[in-house]
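In case you want the letters, here they are:
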Amino acid sequence: MDLGTAIIGGVLLLACITPIVIAHNSSNKKYKKTLAALSDYAAEKSCKINQQDIWIHAAIGIDTQNRMLFFLKGDSNAHTIEHVDLNKIKESRVITPDSREKSDRINRLVLELQPANNSEQPAVLEFYNANVSMQLADELILAKKWKQIINDVVGA
């Protein structure tokens, strides 16, 4: 192999790898920023996140010792964060509001937290919305996972 072919091969390889490295670094920065936003909010409530999951448009974390759940919707720059006191929750359920319709497509996926006091409204954490994200990824698996985590903490 001559030097010219080696140089061209090296440049092409570099051109292919560079965007992948940049995308990976950008994804890591976004993950760390989202986790920091969630952890900072928990710290404001005198809590510490023990377990968390972060996906495209949301993040969820729990402080099992203080029985507090934190949910971030949006991204690290423009987001809303809410917290739920699990001492006031009796169980959680995964709900697909369109599940009563005959459809193969999930348009919305929420984790509903039923309060122990039936006069209160349930807390609704939206894991997926077809109007925000085109494709359902791991949100259903995460919703089921967090349903189990929350039910284990509240003893349902």
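As a reminder, the structure under discussion sits directly above these lines.
Overview of the structure.

Cut-off values and rules
- Residues numbered from 1 in each chain as written.
- Predicted model: local features only at pLDDT ≥ 70, side-chain atom pairs only at ≥ 80, totals over all residues.
- Heavy atoms only, no water.
- Helix = DSSP H or I, 4+ residues; strand = E, 2+ residues; numbered from the N terminus.
- Expected span 1.5 Å × (residues − 1).
- Buried < 20%, exposed > 50% of the residue type's maximum accessible area, 1.4 Å probe, protein only.
- Contact = heavy atoms within 4.5 Å.
- Phe/Tyr/Trp six-rings, centres within 6.5 Å; stacked < 30°, edge-to-face > 60°.

Considerations on helix α1 (residues 3–44)
In step 1: The terminal C-alpha atoms of α1 lie 60 Å apart, and with 42 residues this matches the ideal 62 Å at 1.5 Å per residue to within 8%.
In step 2: Those residues of α1 lying buried are Thr 34, Ala 37, Leu 38, Tyr 41 and Ala 42.
In step 3: Looking at the packing, one finds that the buried side of α1 touches β1 (51–55), β2 (58–63), β3 (68–74) and β4 (79–85).
In step 4: Just beyond α1, the residue with positive phi is Ser 46, at close to 60°.

Remarks on the packing of aromatic side chains
In step 1: For the structure shown, the criterion picks out four aromatic pairs.
In step 2: Their ring planes at 50° and their centres at 6.3 Å tell us that Trp 55 and Phe 71 sit as a pair that is tilted. Here Phe 71 lies in strand β3 and Trp 55 lies in strand β1, a separation of 16 residues in the sequence.
In step 3: A residue is classified by how much of its surface remains accessible, and Phe 71, at 3% relative accessible area, is buried.

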